[in-house]
Amino acid sequence: MSKRLVQAEFNVERDPERCIQCQVCVRQCSNQVHAYDEEAEQVTCDEASCVGCQRCATLCPTGAITIKKAPPDFAPDNNWTSDVIQNIYRQAETGGVLLSAMGNDTAKTSWWDNILLNASQVTNPSIDPLREPMELTTFLGAKPNAVELSFDDQGGPSLATKLAPQLVLSTPIMFSAMSYGAISYNAFESLARAAGQYGTFANSGEGGLHKDFWPHGPNMIVQVASGRFGVDIDYLKVAAAVEIKIGQGAKPGIGGHLPGEKVDERISQTRMIPVGSDAISPAPHHDIYSIEDLRQLIYSLKEATRYQKPISVKIAAVHNVAAIASGIVRAGADIVAIDGYKGGTGAAPTMIRNNVGIPIEFALAAVDDRLRQEGIRNQASVVACGGFRSSADVVKAIALGADAVYIGTAALVALGCHLCQKCYTGKCNWGIATQDPYLTRRLNPDIGARRLVNLLRGWSHEIKEMMGGMGINAIESLRGNREHLRGVGLSDRELSILGIKAAGE
Amino acid sequence: MKRIVAKEEYCMNCRLCEVHCLVSHSRSKDLIKAFRQERGEIVPRITVERLGAVSFAVQCRHCDEPACVEACMTGALSRDPVTGEVTHDPQRCVGCWMCVMVCPTGAIRRDKSGHVAAKCDLCLETGTPACVANCPNEALVIEEDND
Amino acid sequence: MRLLHRKQFPTSKDISGCAISGMMSEIGAPMSGEAIIRSIANMHDRSNGLGGGFAAYGIYPEMRDRYALHVMYDAIDDKQETERLISRWCTVYGDETIPTRPSALVRHPPILHRYFVNIKPEVMERFCDETEDDAIVDLVMTINNESKGGFVFSSGKNMGVFKGVGFPEDIGEFYRLDEYQAYIWTSHGRFPTNTTGWWGGAHPFSLLDWSVVHNGEISSYGINKRYLDNFGYKCALHTDTEVIAYLFDLLVRKHRLPFEAACLAMAPPFWPQLERLPETRRELARTLRIVYGGALLNGPFSVLVGHSGGMVGFNDRTKLRPMVGARKGDMVYMASEEGAIREVCNDPEVVWHAAGGVPIMAHLKEPEKVIGAEATARLKAHSCKLPAGAWQESPRAGRAAASVQ
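Residues numbered from 1 in each chain as written. Chains lettered and ligands numbered in written order. Predicted model: local features only at pLDDT ≥ 70, side-chain atom pairs only at ≥ 80, totals over all residues. Heavy atoms only, no water.

**Concerning the overall build of chain C**
Working step 1: Helix and strand counts for chain C come out as 13 helices and 18 strands.
Working step 2: Counting over 405 residues, chain C shows a buried share of 67%.
Working step 3: Taking as baseline every contact in chain C between residues at least 6 positions apart, the subset at least 24 positions apart corresponds to 76%. (Helix = DSSP H or I, 4+ residues; strand = E, 2+ residues; numbered from the N terminus. Buried < 20%, exposed > 50% of the residue type's maximum accessible area, 1.4 Å probe, protein only. Contact = heavy atoms within 4.5 Å.)

**Observations concerning the side chain of lysine 302 of chain A**
Residues and elements named next belong to chain A.
Working step 1: With respect to the helices and strands, lysine 302 occurs in helix 7 (residues 291-304).
Working step 2: Judged by relative accessible area, lysine 302 falls into the buried class, the value being 9%.
Working step 3: A distance of 2.8 Å separates a polar side-chain atom of lysine 302 from the backbone oxygen of glycine 332.
Working step 4: With residues up to four places along the chain from it excluded, the contact list for lysine 302 reads Tyr307, Ile311, Gly332 and Asp334. (Polar contact = N/O pair within 3.5 Å; in protein donor to acceptor, adjacent residues only side chain to side chain.)

**What to know about the interface of chain A and chain B**
Working step 1: Taken together, the 25 residues of chain A in the interface contact 25 residues of chain B.
Working step 2: Approximately 2,000 Å² of surface area, both sides summed, lies buried where chain A meets chain B, with 53% of it carried by carbon and sulfur atoms.
Working step 3: Looking only at chain A, the three residues that lose the most surface to chain B are Ile20, Tyr438 and Arg441 of chain A, adding up to 33% of its buried area.
Working step 4: Remark: the boundary between chain A and chain B carries two salt bridges.
Working step 5: Of the charged contacts in the structure, one is a salt bridge between arginine 450 of chain A and glutamate 138 of chain B, with a shortest N-O distance of 2.8 Å. (Buried area = accessible area lost by both parts, 1.4 Å probe. Salt bridge = Lys/Arg side-chain N within 4 Å of Asp/Glu carboxyl O.)

**Some thoughts on unusual backbone geometry**
Working step 1: Residue histidine 203 of chain C is joined to proline 204 of chain C through a cis peptide bond whose omega torsion reads 0°.
Working step 2: If you trace the backbone, proline 204 of chain C turns up in the loop between strand 10 (184-192) and strand 11 (205-207).
Working step 3: The residue leucine 419 of chain A is not glycine, and still its phi comes out positive at about 55°.
Working step 4: Mapped onto the fold, leucine 419 of chain A is located in the loop between helix 12 (409-415) and helix 13 (437-440).

**Some thoughts on helix 11 (residues 391-400) of chain A**
Residues and elements named next belong to chain A.
Working step 1: Among the ten residues of helix 11, nine are classified as buried, and the element is accordingly described as predominantly covered.
Working step 2: Three or more residues of helix 11 are buried, namely Ser391, Asp393, Val394, Val395, Lys396, Ala397, Ile398, Ala399 and Leu400.
Working step 3: One or two residues past the end of helix 11 sits glycine 401, with phi positive at roughly 145°.

**Quick word on the packing of aromatic side chains**
Working step 1: Applying the stated rule across the entire model yields 25 aromatic pairs over all chains.
Working step 2: Judged by centre distance (6.4 Å) and plane angle (85°), the rings of tyrosine 180 of chain A and phenylalanine 213 of chain A are edge-to-face. Separated by 33 residues along the polypeptide, tyrosine 180 of chain A in the loop between strand 11 (173-175) and helix 4 (185-198) and phenylalanine 213 of chain A in the loop between strand 12 (202-203) and strand 13 (220-224) bring together distant segments of the chain. Like phenylalanine 213 of chain A, tyrosine 180 of chain A is buried.
Working step 3: For the pair phenylalanine 301 of chain C and phenylalanine 314 of chain C, a centre-to-centre distance of 5.5 Å together with 75° between the ring planes defines the contact as edge-to-face. Residue phenylalanine 301 of chain C is found in strand 13 (residues 301-307), and its partner phenylalanine 314 of chain C is found in strand 14 (residues 310-315); the two are separated by 13 residues along the sequence. For the pair shown, phenylalanine 301 of chain C and phenylalanine 314 of chain C are each scored as buried.
Working step 4: Grouping aromatic residues by their ring pairs yields a cluster made of Phe162, Phe174, Tyr175, Tyr180 and Trp199 of chain C.
Working step 5: The ring centre of tryptophan 430 of chain A lies 4.7 Å from the NZ or CZ of arginine 55 of chain A, which sits over that ring.
Working step 6: Directly above the ring of tryptophan 97 of chain B sits arginine 110 of chain B, whose terminal nitrogen or CZ lies 5.5 Å from the centroid. (Phe/Tyr/Trp six-rings, centres within 6.5 Å; stacked < 30°, edge-to-face > 60°. Lys NZ or Arg CZ within 6 Å of the ring centre and 35° of its normal.)

**Remarks on the nonpolar core**
Working step 1: If you look at the biggest cluster of nonpolar residues, it comprises 137 residues, and the most contacted ones within it are Tyr175, Trp185, Phe248 and Tyr292 of chain C.
Working step 2: Considering every element that reaches this core, the biggest residue donor is helix 7 (residues 240-254) of chain C, with nine residues.
Working step 3: With sequence-adjacent residues up to four places away left out, phenylalanine 248 of chain C is seen in contact with Trp210, Arg253, Phe259, Cys263, Met266, Val305 and Phe314 of chain C.
Working step 4: In terms of nonpolar packing, the next biggest core, distinct from the first, is built from 110 residues, Met102, Ala333, Val336 and Phe362 of chain A among them. (Core = buried A, V, L, I, M, F, W, Y, C linked by side-chain atoms within 4.5 Å.)

Following this line, the structure appears as structure tokens:
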């Protein structure tokens, strides 16, 4: 075997003054970076395998370990950076496709950071959410353009309009689709439990819903994707809503592949495929080659669920997203979920992840505008996803026009994810993106659910504070209210697509 | 009485319980000093047992009818009739190791000095047992057992 | 200075504090404008001289089947241009300069003219199944958005808006309102914080027979505007008030909701209050809130809405702006301050402070006699009267007393 040219990405620094040779690091590293030399009675390490997940540094009882990004100090070059060179070395060794996980890490701009929020002064009192009501309750689903009433002889009103099924959220934040298979049983359980406890929804992803999770059905949105894993009538019945997954922001136009080694007994039952077989989701749904086909599937699902559940359609934000979203709404979807190019994934070809799709900020603004222009904005709710990092991002998205957002990466970070971006290796040291029983037990769902509920509570409170500052006490008055947004450092064209004014205007 | 319950489904074999047990029974109560200077004298009173992916921490179960108390010829081991805790008095222990032999869970170990037995004392002096307080995954919990 | 008074839509949202006052005879007895001028003048300090105005209902009984277009022009050229447009769309049954009384306190008025019109039958053909009201709305939107210096500030039947830059009492004098007889008067004194005075920017804001005077700031303006855009309303004026007028037009005239229901959509109860409503009401209130989220008016406001059949006063749901109601015999009064009512009504039988989100309603008792059969039919077609307090049971019961019924 020839010499590998790829250099270590991380340096593992162990402070000999602090190390007590307890070997916690040895037992916790699934990449075998740390080892114990019995003879020397010393912990040793192999930095080449380190992925920088920080598990050892976090668990080291004496804080003896520091993981640092290793330089590879190639000759300085703005084009041929060390990442570029290392990637070429890797491909030259394997002839393979570069893989990545989580969201696009190359984007230098987050447009959310170029958008600033408003607050009241003098002419309009700001509101203190600790002392006054502040309402975040959100309804997702199709709404009629008008409410019709009928009146009895005494003039007593009654509803002539029957509302389409709605999802009721206590906060406009849901957990995005992450399948059991991509994430562990315990991670899945944490998300489902937290959604139920906080009054919002988790999304099953495309990998089915294990029977153990059926009690969480009232807080689950289940996906029907191109692989149709785990889809049967019970799956549709047990959920609160059904989402047709067309695309994913991290890898628009690409399908999915769960390697057979991850398909154990439980996943096999959930996905309804044999143990050990690869679970392959084709790039397109092979029964959806057009918008008419999508309409058929939407209505098949509506029929199957007796028109009692909202049907969502999730697409990746691509160039023509506004027109596509309009078509989806006209095809009968009750919810359209748009996933921006910074959305996460368990595995995607690096080049796809980093180069395909458009930012959610523009996609969302364009979709909301288009649906309003066509007078069909009421007919479907819009859910934005793809890289929401904080409550401020959420507030900005809602003010741009989203009814709610999906958070994926942020939820995983709450569970302990350190964004090492190696989900696809199946060796997640945090017990999240792995099926290895030695690793999955590291995520105790009691702790996971508690941390997720805390995150939702913290963000919701911050959203209330920001709304209160604007003098708004109901989320419906923030939604689509771009008057409360101003842009900084954006071109006229960007401002006009976002539909916001520049700061100072 | 209080019992330490191990949830093996969430035990991740990090063995931080052992580390912190040792420290809490050290003179210095300092991680680095305890390991550097006292490791030769003291042992953790909790042990993580592992087979494949499954692991869990074992320490004295404070049995209702403790075999160790039965076997102890000096009365160093005794069971508090009120709280149900099985306690060990090193002053009376002669290091005969009968308790080590009869303990069904292997929870009693020899002190490194080789003179007396060492077993879980539920960290009665400090309140919350160190193993419970420091388990990063809440795989060790303390539960009040009313039976 | 002249420039300041030209037609100029603000580029950003107009924010203003204000005084409002309204009075109505429920039996349709005519009253001159003298009282309403005194009432609004009583709150002089709530305005700053940058805008005042009035709406009067029942002032053109001879022309009550014609739309009365009040139009302001920057220059004579603008008048010719706009009149060409009006005569293309409408049969004009009469037109005249709006009579004014020159005053040193009201400077640089625009050219003020009024027309009594109906849409020509051949023009109506373009509107398919829409009504003449819709065509008038379209005409008003066209003139206001496209003509250079013409601006329609009143377009209802048998009613009119009179407004301009100045203190409201001076504007009232200027327009000789003491010479008009109306059964409803509303008025407004403006305290704008960010726009220069333009006559069209004063209140009331009016469309068809809707007139709105408003005190406060709508923090939901951004979404209300976009929501209305969905239904073809172009909010060119950038005023909160314009949004309220259009919302009433949409909810009451187009969607045929009763006033109480429209107010419930615009200032809905908080969810916990709503959940405590009796079941029949709860589902209604809940559905209205879910469907009309974009019509929810947030932020502090008190508003008086006039229409041919009556007057509605209501507050934001947390009651961040003042609103007092009073009644004596067949007279109903609503104003920002009690003093403004007592100025014109010495011994009201009952005076109360309106609760947040709960509308005060005043209706013509026998509308056929006052506004005629045709207008009554039109009124009934888009407003079903509900039993008193129908929407405000249980948790809001304490506030139900606010109902004028």
